[in-house]
Amino acid sequence: MGIMPNLILLLFLLLLLSGSPADTSMHEGEPDFYRDEAAGYGPVFEEQPLDTVYPEESPEDKITMSCRARANPPAAYKWKLDGVEIDLSTEHKHYKLSEGNLVISKPDKSLHEGRYSCLASNTLGTVVSQEASVQFGYLDLFSSEERESVYVKEGQGAVLLCAPPPHYPADLSFRWILNEFPTFIPLDKRRFVSQITGNLYISKVEASDSGNYSCIASSASISKSVFSNYIPLIPLSERSIRKYPADLNVKFPDTTTLAGHNLTLECFALGNPVPEIRWKKMNGELPPNHEVRMSGAQLHLYNVRPEDEGTYQCEAVNSKGKDYHSAQLSVEAFPEWVEHISSAEGDLGSAYKMSCLARGKPEPSIRWLKNGNLLDRKEMAFSSLTFEDSGMYQCIAENPHGVIFANAELRVFACAPTFEHNPLKHALAPRNGRVVMECRPKAAPKPKVTWSKETELLSNSSRMFIWEDGSLEILNVTRTDEGRYTCFAYNDRGKANSTGSLTVTDSTKITLAPSNADVKVGENALMECNASHDSSLDITFIWSLDGRVIDLDKDSQHYERTLNGSSDGELMIKNAQLKHAGIYTCTAQTTVDNVTSSASLVVRGPPGAPAGVRVMDKSDKSAMLQWSRGADNHSPISKYTIQYRDSFSPAVWRNATTSPPDIEGNAETATVVDLVPWTDYEFRVIATNTLGTGAPSIPSRKEKTMPASPVVAPSDVGGGGGTSRELTITWTPVQEQYYYGPSFGYIVAFRPRTGVEWTQVTVSDPQARHYVHKDPSIAPATEFIVKIQAYNSKGEGPYSLPKTIVSAQDAPTDAPGSIDGKALSATEAMVWWFPITQSNIDGYQVKYWRKQEDSEGGAQMVVLMGRENYTRVDGMKPDSVYLLEIRGFNSAGYGPASERLEIHTKKQPPGQAPRIIGKKMKGKTVNVAWEHVETLANEAPVDGYKVLYRPQGQPGGKLYMTKWRHIELPLYDNETYVVEVRAYTEGGDGAVSQIFITGGSVMASQPLCTLGLLLVALLCLNL
């Protein structure tokens, strides 16, 4: 009797759901969302305007701002400039709409500069694009004012100011040229161009820096470069170039940058020797994303992170001193979405909330737009949706660094339930398992749901539950649960139902579970897994390690599935490594259910890396280390090894000498001995067990050992020579690793060989290689005993072995005598003299210059080493009177000049080449003829002609000299010869003419005229 009430109720529901079609229709005047799939969607931007820099000198007389939106129906477009709608009527002479793009013709800065936004609209709503600026770019010419010359002593630093002209945008790049384009200044440790100011910095001026410099400023935005007027740099020579301490002239300011951007900080110093630039971050390490460029002058940070914020310091160091500069780097951030809106459908009358959350630095503010209009509300929450709430919504997050938009369409709808898009499906459930049958019709407002099995109406019980969303859950499934199930849904706009079926299968069970395993590194391990399952279903085995699924294809080097039937899921772990240890889980899975079983794998291997290596105490030659134990990887640690690297060999790790010599496996401290004082060290620790040696620890922070007195003396002590009344002492400097402390220098001690009292002087430059002692009382060529020791702030080191050297000799006192000479040609002369009888002569210097046209200061010179008393001088000008003088010299200097000799050079040879006018074959010979060379008034008369007869491609051959204007030469079969003819005079050889002769033919190097052929014929008849 209990079945009858349920049956009656079920029949009532079926009657209710079988009403006329009018019952399931939409109320009149409301949007039908299903018919309205054709109604499309609101605008979605595919292309938005971008910031534009328009070069004022651009040949293209227009600007195009992009805007394109996907929409159905298609979108219509409007544009705003600085918030004011632009008149896009056809008669407007500047603006034109091309599809959604805005084209600005004949751009005018006064009219068109500003911020533009695009509005795209259709019947479903309006969206506003991001704003984009239009700016007018320019780069003016440099000032035309003449730049003043810069005079700098050699060894001092110099700064050449670029003073770039007015420009927009601000991002210029700078280069400098020397004397002419494109000779660009090479940048190195000594020279630097700031990309902030454009100035050229030279830390130490050398004589080779002399020249005219011009700054080039380039704008990539407008593809234009301009040049400054030349700045003459004139180095002033110094007899003794002074040294100057490091002095920072380029200093980076406090800087704010954005996360994700690249940043360059600049530091450069003047000084002699050229300073080294070092960078560090205070209270931390330099970021891993850094690069030191331009020989240390630039610190470049890639993809800046918030944690890169802090105080940065650059240090300039040379042997004369140090200079420091530090400034703050602040990292802020462009807005980015943490949570933003997306298009959604809302039920009529339901509650709905739109959420937007953005992060940035400073924290962004949030504002809302609906259909392009600003909404005066902080959040978008609806207690009861109406059709008027439909539209295009925009959430905007903004901070000083930028603006981001999130767009979404909200549709409010109402409809009767329908299963058209989501009917009930056929379901499978394992016996004794659980199944959920979903009932999700499209409906608004939310429908009420009931379920039936066959003809039985279902209600909540200990095994069956109808969820809030209408789904039906069945627990402890049995074979009796199989059958047809129907879901009934209804609301105030209509009703609908959908029927599906349920089939019950056998449960999946693990029949052979994996077992725990224990292996050594490099061995194999086998994990077994067998399962039974319903014969109508396929089974799959999935293995995971510590909850992460193993990709057998990607890691086939270590994992392999053995195929022993469909019910076998055995896993082979090959060449096991430490990373393969953990909990292995086998999952046997069908489309209906799955079961799991787990086992652990222990992999024993070499120890892991120790951690936290740090220096606890240090002296001049030792450092006490402490560390934390790493993983022993299931085999006790037997010993530790400590390694070090120093600042002089940063790429090489060496095993350290320790106390105790053997560090046992239970130790966490040890002392490294036999270190070098005043040296930067890094240390790392390596653990070993019976299965091998593990990876090294992360290196400790750099630590400098304490200073100590030097123990190494300078080597290669020597000297001698130099200027009169000087004692020059030289040596090879001590290498930096043996300084052993700060304030390193040298004590130079010397005495006459016959004396007993030592003179000591201090040289504070650790890189110094010589010392010159000047004393008027020093006799020439006197023997001295010299020794040198090093010193630092802790004391003095040992002296070098004594060395005997000789003081400078006197400069020659006599002048060469009986100087004489003659001109050899228009450009050469020979000169000779009686040698100086003094024994202290190292050689002679010959100076010569034109008597009328040149000054002695611009004289040319020839230097002869040894005792030779004659030389050839060349490079002279034709038909000119030269003055020559000769001096003897030695290491102490030059002696007095000889009497001056006058030599008049010959006139120059003729510039015209002989014109070859004929050649005639005569058996095995060829006769070649040429015209006489007529010389000009400033040319020497012709004395005769030289004929060079040589094989083609070879520089040498046979030379003939003749007074005639023709010559007979032998012919050679199958060989090409060159005939070269030139006039010779007392001023030298004139210009050359040539022809080619091959076997029995002749080829001229220039065409012959008819007159020339006639002359050859007459000449041959006379012969």
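The residue numbering used here restarts from 1 in each chain and proceeds along that chain's sequence as written. Residue-level local features of this predicted model are given only where pLDDT is at least 70; pairs of side-chain atoms are given and counted only at 80 or more, and the full residue set underlies all totals for whole chains, interfaces and linings. Calculation of side-chain values draws on the structure's entire complement of heavy atoms; hydrogens and water are dropped beforehand.

A.B. asks: Sorry if this is basic, but what is going on with the sheet that holds strand β7 (residues 95–98) here?
C.D. replies: What links the strands of a sheet is backbone hydrogen bonding, and the strands pair in either a parallel or an antiparallel sense. Pairs of strands are assigned from DSSP output, requiring at least two bridges between the strands. Only DSSP runs of H or I covering at least 4 residues are called helices, and only runs of E covering at least 2 are called strands; the numbering of each starts at the N terminus. Taken together, three strands build an open sheet; the order of strands is β3-β8-β7 and the sheet is antiparallel. Of all strands in the sheet, those bounded by a partner on one side alone are β3 (62–65) and β7. Sheet twist, expressed as the mean angle between neighbouring strand axes with direction ignored, is 20 degrees. Across four bridges, the pairing between β3 and strand β8 (residues 101–105) is antiparallel. When the bridges of β8 are listed, Met65 appears paired with Leu102. Here an axis means a line fitted to C-alpha atoms, over the contact stretch when the element is a helix, while the angle between two N-to-C directions is reported on a 0 to 180 degree scale.

A.B. asks: Hey, could you run me through the confidence of the model for the protein chain in this one?
C.D. replies: Detail in the predicted coordinates should be disregarded across regions flagged by low pLDDT. Scored from 0 to 100, pLDDT reflects the predictor's confidence in each residue. Across the protein chain, the average pLDDT comes to 88, with 93% of residues at 70 or higher. Any pair of residues with heavy atoms lying within 4.5 Å of one another is described as a contacting pair. Of the regions scoring below 50 in pLDDT, residues 1004–1023 engages in 22 contacts with residues more than four places distant in sequence or in other chains.

A.B. asks: What is the right way to read the packing of aromatic side chains from this model?
C.D. replies: Each aromatic ring pair is characterised by the separation of its centres together with the angle its planes make. Planes of paired rings set the category: under 30 degrees apart is stacked, over 60 is edge-to-face and the rest tilted, where pairs are Phe, Tyr or Trp rings (Trp by its six-membered ring) whose centres lie within 6.5 Å. This structure, assessed with the given rule, holds 22 aromatic pairs. For the ring pair Phe181 and Phe227, a centre distance of 5.7 Å and an interplane angle of 75 degrees mean the geometry is edge-to-face. Of this pair, Phe181 sits in the loop between β15 (172–178) and β16 (191–193) while Phe227 sits in strand β19 (residues 224–227); the two residues are 46 residues apart in sequence, bridging distant segments of the chain. Partly exposed residues are those whose accessible area sits between 20% and 50% of the maximum for their type, while under 20% is buried and over 50% is exposed, using a 1.4 Å probe and protein chains only. Given a relative accessible area of 51%, Phe181 falls into the exposed group. Looking at Phe227, the relative accessible area reads 40%, which means it is partly exposed. Both rings, one in Tyr949 and one in Tyr977, keep their centres 4.9 Å apart while their planes meet at 35 degrees; by these two values the pair is tilted.

A.B. asks: Quick question: what am I supposed to make of the side chain of Glu473 here?
C.D. replies: Here Glu473 lies in strand β44 (residues 472–474). Pairs of N or O atoms are called polar contacts if they sit within 3.5 Å, as long as, within protein, a hydrogen donor faces a hydrogen acceptor (for residues adjacent in sequence, only side-chain-to-side-chain pairs). Side chain to side chain, Glu473 and Trp467 meet in a polar contact 3.1 Å long.

A.B. asks: Hey, could you run me through the pattern of salt bridges in this one?
C.D. replies: Every case where a carboxyl oxygen of Asp or Glu lies within 4 Å of a side-chain nitrogen of Lys or Arg is listed as a salt bridge. In this structure the tally under the stated criterion is 49 salt bridges. The residue Glu473 makes a salt bridge to Arg434 at a minimum N-O spacing of 2.6 Å. Here the residue Glu473 occupies a position in strand β44, and Arg434 occupies one in the loop between β38 (427–430) and β39 (435–437), the gap between them amounting to 39 residues. Judged by its relative accessible area of 11%, Glu473 is buried. Asp492 is the salt-bridge partner of Arg493, the closest N and O atoms lying 3.4 Å from each other. Under the relative-accessibility criterion, Arg493 is labelled buried at 8%. By relative accessible area, which is 56% here, Asp492 ends up exposed. It is possible to trace a salt-bridge network through shared partners that takes in Asp188, Arg190, Arg191, Lys204, Glu206 and Asp209.

A.B. asks: Looking at this structure, how should I read the sheet that holds strand β52 (residues 548–549)?
C.D. replies: The five strands are arranged β48-β56-β55-β51-β52 in an open sheet whose pairing can be described as mixed. Either end of the sheet is taken by a strand with one partner, and the two such strands are β48 (517–520) and β52. Bridge count between strand β55 (residues 582–589) and strand β56 (residues 594–604): eight bridges; the pairing is antiparallel. Within β56, the residue paired with Thr585 across the bridge is Ser598.

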